Amino acid sequence: MKEYLTNERIRAKQVRVVGPDGKQLGIMDTREALRLAQEMDLDLDLVLVGPNADPPVARIMDYSKWRYEQQMAEKEARKKAKRTEVKSIKFRVKIDEHDYQTKLGHIKRFLQEGHKVKVTIMFRGREVAHPELGERILNRVTEDLKDLAVVEMKPEMLGRDMNMLLAPVKVSA
């Protein structure tokens with residue numbers, strides 16, 4: 001969280017003062033503004049909120065209470081932030097139909113939860129000489145999921161594996 005200068009730490013000669021109610025109190029010397037804040041209430045501080053303005057803007061407020069509220073708001077925002085993971089599903093070139101449908105169901109579930117999915121075709125032995133077989137499976141996956149996913153990374157060979165990355169389709173509301 002950003003740190004603000006308060007009370008005696010403010011080095012500006014003059015500041016534009018905003019009261020605790022949000023009303024502008026005008027431009028005054030920093031010492032006078034500090035005295036005004038202390039006269040209003042012992043718990044109020046003079047906080048430099050606009051250091052780059054000319055003259056700098058200082059607000060009279062309960063800094064510790066305001067800072068606590070800012071931290072709680074940040075914490076709440078972090079809770080609501082959606083974390084997307086990259087899930088991984090592996091296929092073989094000679095996959096059986098039932099196994100294919102099961103893995104396709106897993107991919108659908110991951111996409112509906114909002115995750116990206118890395119689909120990998122693993123080649124064994126001489127299968128690596130026929131990458132078109134792996135591409136055929138990945139194209140079938142893409143076709144079966146065209147309503148749920150977009151291809152973020154096209155199929156490409158990496159060693160003995162062929163990878164493709166799927167991302168969930170953005171639902172326009």
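Attention in this report is confined to the structure presented alongside it. (Residues numbered from 1 in each chain as written. Predicted model: local features only at pLDDT ≥ 70, side-chain atom pairs only at ≥ 80, totals over all residues. Heavy atoms only, no water.)

Across three bridges, the pairing between strand β1 (residues 14-18) and strand β4 (residues 57-61) is parallel. Bridge pairing links Val18 to Arg59 in β4. Relative to β4, strand β3 (residues 45-50) runs antiparallel, the two sharing five bridges. Among the inter-strand pairings, Val47 is bridged to a residue of β4, identified as Arg59. Between the antiparallel neighbours β3 and β4 lie six residues. (Pairing = 2+ DSSP bridges. Helix = DSSP H or I, 4+ residues; strand = E, 2+ residues; numbered from the N terminus.)

Attention now moves to the pairing of strand β7 (residues 149-158). Bridge count between β7 and strand β8 (residues 161-168): seven bridges; the pairing is antiparallel. Looking at the pairing, Leu158 lines up with Asp161 of β8. Hairpin connection between β7 and β8: a loop of two residues separates the two successive antiparallel strands, and Gly159 in this loop has a positive phi of roughly 65°.

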